[in-house]
Amino acid sequence: MTQISYGLFSELLLVRIHGRAEAYLEGSSAERLALVAACRSEATVPDLAQRILSRTIYAQASSRIGPLRELLQNALDASPAGARIDVRSTEDGREVSVTDQGRGMTRTELLTDLLVPFRSGKAGELDAIGEHGIGFFSALEIAPWIEVVTATPSGGHRLLVAPLGAGPRHEDFSWTLLPLPRPFSTPSPPAGDHAARPARAPAPPRRPPTGTSVRLSLAQPISRPALAAEIAAAAGLVDPAVARIHVDGALVNTARARLRRAAEVPLRLPPSGDICGALELFVGRGDGIEPQLTITQKGLTVATRVDPFPGPELGLHRELARAITAAGFGLVAELPLGVPLNKGRSAVAASASAAVEAALVAAFERFILRDALYDRELLRAVDHRLSSVLDRLVHAALLGESITIASAQTADELDPLARTPTVAAPEQVIRFAGGLLDAPLFRSIVVDAGQRPPGAPPAPLGQLHWRGAALTLRELLQAHRAGVLRPLEGAPLLPSTQARSTARWPLGASSAASEPAAGAPGARPGELVYLALDEPLALAFWRRLATEGTAAQHAQPAAAAPPPRPPGAAPCPMPRTSRDVLLKTAADVPGVRAAAAAMTIIERLDAAISESADLPTSPIWAHQDLYGPDEMAHTDGSGISVNLASARVRALLTAVLLRDDAVAFTALTDLLLHEKTHVSLASYVPRPMAEHGTSFYRRKDWMRRRLLAAMASGAVVDPIRWLAVARRGLVSSALPAPEELSRAFQAAAAAA
């Protein structure tokens, strides 16, 4: 075969389109020129090859990370497990090289696979990622001059690529292929050493080194820190067992050691429905793990999402994911190699996107129900938001509301009057709330001393029988309604020999014995449930029940608590109003003074946050269902309005008006910090980032730290001290019923 030393990319592509590639490679220089001329004369579009090359090179990547990821991907596919991949740059940042210890490429592979788009030598390789045959071409957009040095056990070659014409958007590229000398075997010993050393058997010939090095001459220089950051963004999650990636001598893929597998879901691809592998969900935090969802394949980054679950039907998923990422944890979804990606490898191919999204949702649900809610480190790291999910479910269950599981329904199908919220999804669109209610999350002790007649003394300690049980939220609520739920601090000291099985206690069984005994409030003859309060969720649950009970005890006898709003009831709108207008317009409505006192507390809290962060104070208003079911709203870029019809806001305000409840006050502070962050970002950050992007949560965390630091230094008075001042003169902490407030403002509007 004639050794080809020079040619054009467009010529290789043109002769392949016309089916004359083999004749081109085997012919002489004159024969090759004649073949190219014949193909061009037969072509309907004379410059078709140049057009294909231009679109292949300049339409793949939107940043420098894409081409670097493609070169790393080729190195991963060619290297054995655990091999080293080196990325090096010159001091001036003009040149970058990617070197692997793989099998190398032969002369035929260079000319028929590497330099021809849409043709890959990886077809049929189960462990290979690349399949489109265009990854190498993306590097030409950032580096028009490329040198490839590759060696196989049988020989080596040096390939030089250079642009033609003024550019960028060069019209074509030339290639030059040169053979490399074969590596020497083991060198002979120096002369004169034969007498000094004993005779040894001749050493076997050394296997010549193999591998490929791609050197890029960049159009724009890059600094070494920037190169390390971009390589880490593209390949920082690659398992070191697959390859060890070094950038200028430093190992960059160390983050995988800080990840743990949290869930695994089989993934079926349409149209056949065959399982192509399993989607694996990892969770972790630390250096190299961004607080977001990162989708990877073989450890290489495919896409990132700050908000993993868009859409109203995944409201609860989104709230849980935000709570986890806001605490610094990152989620990594590893796709199986059978999942096809788009040609730029920046997203899943359209044909497989629906299947991947469904598997991602299922994996996240398994992670929450089987892992996250039992992970004490994770629960203690997140802010109040994870507990607030429990709070919402408890409140809905206490009011007797049904939790609708909308697996395939939209918000409009469930409730035509529902409006899309801006912070949290309405209860009607929670998809797997039933799973949360029925997950055995709470360690408890069930004590059964046998049936005793009313008024009989307690059974002796030796006659008590007890067993450990992992109870669900639904079962604990049933025990609470039956009056048999107690905190573990009040449990008797029982010997471990009296423990029975750890099977679930069937509290859901309805019977006459489940009702509390007459004359013995809070106790059922022979059975009690003691809830262990050493877990964050159990403590939040017990405090929630305590808040409900205390609120009922402190309510005025003459002004009983209003009946709960039925599920799906029409909203009770009330226009945005100040504290003074609220007192003037609805002075006769019971509970208005408690609402005004709560607004005073929020004003003092806003003043403390504003002073610590050097921000102007925000006007505080109140409304009802004006902006949907959200607890609070940032109304016009400066003001903050409180939804007095929100069940969660009513529970928090009632708790802080009753006593110095640090947990409720902290939750209220976080709600206000959330809206204050919106206000502070509204003027200079684009709306997508100001809503719930990375900038938003960094800003919120910064404002929280500034508030705590100001309180610790004494620059700001702890706003919880204003609770006693706000309570002065209050005879009840019960807030006004939303329906009565709405009627009062409607009457005032009609009179005006």
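Residues numbered from 1 in each chain as written. Predicted model: local features only at pLDDT ≥ 70, side-chain atom pairs only at ≥ 80, totals over all residues. Heavy atoms only, no water.

Chemist: Please explain the overall build of the chain as it appears in this structure.
Modeler: Along the backbone of the chain there are 24 helices and 22 strands. Per-residue burial over the chain gives 49% buried out of 752 residues. For the chain, contacts bridging at least 24 residues in sequence account for 70% of all contacts bridging at least 6. Carbon together with sulfur atoms contributes 56% to the accessible area of the chain, which is approximately 35000 Å² in total. (Helix = DSSP H or I, 4+ residues; strand = E, 2+ residues; numbered from the N terminus. Buried < 20%, exposed > 50% of the residue type's maximum accessible area, 1.4 Å probe, protein only. Contact = heavy atoms within 4.5 Å. Areas by Shrake-Rupley, 256 points an atom, 1.4 Å probe, with all protein chains shown as cover.)

Chemist: Just checking my understanding: could you explain the nonpolar core for this structure?
Modeler: Grouped together as the largest cluster of nonpolar side chains are 64 residues, with contacts concentrated most on Phe367, Phe442 and Phe541. At ten residues, the largest contribution of residues to this core is made by helix H10 (residues 350-370). One finds Leu72, Val161, Leu216 and Ile245 within the second-largest nonpolar core, a separate group that totals 53 residues. (Core = buried A, V, L, I, M, F, W, Y, C linked by side-chain atoms within 4.5 Å.)

Chemist: Can you walk me through the environment of Leu723 in this structure?
Modeler: Following the sequence through the fold, Leu723 ends up in helix H23 (residues 722-726). Owing to a relative accessible area of 0%, Leu723 belongs among the buried residues under this scheme. Excluding residues that lie within four positions of it along the chain, Leu723 makes contacts with Ile601, Val656, Arg659, Asp660 and Phe665.

Chemist: Please explain H10 as it appears in this structure.
Modeler: One full turn of an α-helix is made of 3.6 residues, so residues set three or four places apart face in the same direction. Counted at 1.5 Å a residue, the expected span for H10 with its 21 residues is 30 Å, and the 31 Å between its end C-alpha atoms agrees. For H10, the full list of buried residues reads Ala352, Ala355, Val356, Ala359, Leu360, Val361, Ala363, Phe364, Glu365, Phe367 and Ile368. (Expected span 1.5 Å × (residues − 1).)

Chemist: Please clarify how the confidence of the model for the chain should be interpreted in this entry.
Modeler: If pLDDT is low for a region, its predicted coordinates should not be looked at in detail. Summary statistics for the chain give a mean pLDDT of 75 and a share of 71% for residues scoring 70 or more. Below pLDDT 50 for its whole length, residues 490-525 participates in 65 contacts with residues either more than four positions away or in separate chains. (pLDDT = per-residue confidence, 0-100.)

Chemist: Explain a nonpolar patch on the surface to me, please; I cannot follow it from the model alone.
Modeler: A cluster of nonpolar residues, Val717, Trp722 and Val725, forms a patch on the protein surface that exposes about 240 Å² of accessible area. Summarising the element assignment, Val725 is placed in helix H23. The exposure class assigned to Val725 is partly exposed, which follows from its relative accessible area of 37%. (Patch = residues over 30% accessible without salt bridge, like charges linked within 9 Å, V, L, I, M, F, W, Y side chains within 5 Å. Salt bridge = Lys/Arg side-chain N within 4 Å of Asp/Glu carboxyl O.)

Chemist: Explain the sheet that holds strand S14 (residues 330-335) to me, please; I cannot follow it from the model alone.
Modeler: Hydrogen bonding along the main chain pairs the strands of a sheet, whether they run parallel or antiparallel. Strand order in the open sheet formed by five strands is S10-S11-S14-S12-S13, and the pairing between neighbours is mixed. Single-partner strands in this sheet number two, and they are strand S10 (259-269) and strand S13 (300-305). Each adjacent strand pair in this sheet contributes to an overall mean axis angle of 25°, direction not counted. Relative to S14, strand S11 (residues 274-284) runs antiparallel, the two sharing five bridges. Residue pairing in the sheet places Gly284 in a bridge with Gly330 of S14. (Pairing = 2+ DSSP bridges. Axes fitted to C-alpha atoms, helices over the stretch in contact; angles between N-to-C directions.)

Chemist: What is the right way to read the pairing of S13 from this model?
Modeler: A regular strand places its side chains so that they alternate between the two faces of the sheet. Bridging between strand S12 (residues 293-297) and S13 involves five bridges; their strand directions are antiparallel. Directly across from Gln297, in S13, lies its bridge partner Leu300. As consecutive antiparallel partners, S12 and S13 are separated by two residues, and within that stretch Lys298 has a phi angle of approximately 55°, a positive value.

Chemist: Please clarify how the pattern of salt bridges should be interpreted in this entry.
Modeler: Close approach of charged atoms allows side chains with opposite charge to pair. On inspection of all chains with the given rule, the structure shows 22 salt bridges. Arg215 is the salt-bridge partner of Glu147, the closest N and O atoms lying 2.8 Å from each other. Here Glu147, found in strand S4 (residues 145-152), pairs with Arg215, found in strand S7 (residues 211-217); they are 68 residues apart in sequence, far enough to count as distant. Overall, the relative accessible area of 28% leaves Arg215 in the partly exposed class. For Asp670, the salt bridge goes to Lys700, with nearest N and O atoms at 3.1 Å. Residue Asp670 is found in helix H20 (residues 662-681), and its partner Lys700 is found in helix H22 (residues 694-713); the two are separated by 30 residues along the sequence. A residue is classified by how much of its surface remains accessible, and Asp670, at 4% relative accessible area, is buried. Taking the relative accessible area as the measure of exposure, Lys700 reaches 3% and is therefore buried.

Chemist: Help me understand the packing of helix H18 (residues 592-613) against helix H19 (residues 647-658), please; the structure alone is not making it clear to me.
Modeler: For any two helices packed against each other, the geometry is given by the interaxial angle and the distance between the axes. Where H18 meets H19, the axes come as close as 10 Å, and the angle between the chain directions of the two elements is 85°. Judged by the angle between their axes, H18 and H19 are roughly perpendicular. In this structure, H18 uses Ala594, Ala597, Ala598, Ile601 and Ile602 to contact H19, whose residues at the interface are Leu653, Val656 and Leu657. For the contact of H18 with H19, the residue count by class is eight nonpolar, no polar and no charged. (Parallel < 35°, antiparallel > 145°, perpendicular 65-115°, else oblique. Nonpolar A, V, L, I, M, F, W, Y, C, P; charged D, E, K, R; others polar.)

Chemist: Could you clarify how one ought to interpret unusual backbone geometry in this entry?
Modeler: Excluding glycine, most residues fall at negative phi; most peptide bonds, likewise, are trans. Cis rather than trans, the peptide bond between Pro270 and Pro271 has omega equal to 0°. Within the secondary structure layout, Pro271 lies in the loop between S10 and S11. Positive phi is not limited to glycine here, since Lys298 has a value of about 55°. As for its placement among the helices and strands, Lys298 is situated in the loop between S12 and S13. Look at Lys298 and you get buried, because its relative accessible area is 16%. Positive phi, close to 55°, is recorded for Asp614, a residue that is not glycine. Following the sequence through the fold, Asp614 ends up in the loop between H18 and strand S20 (620-624).

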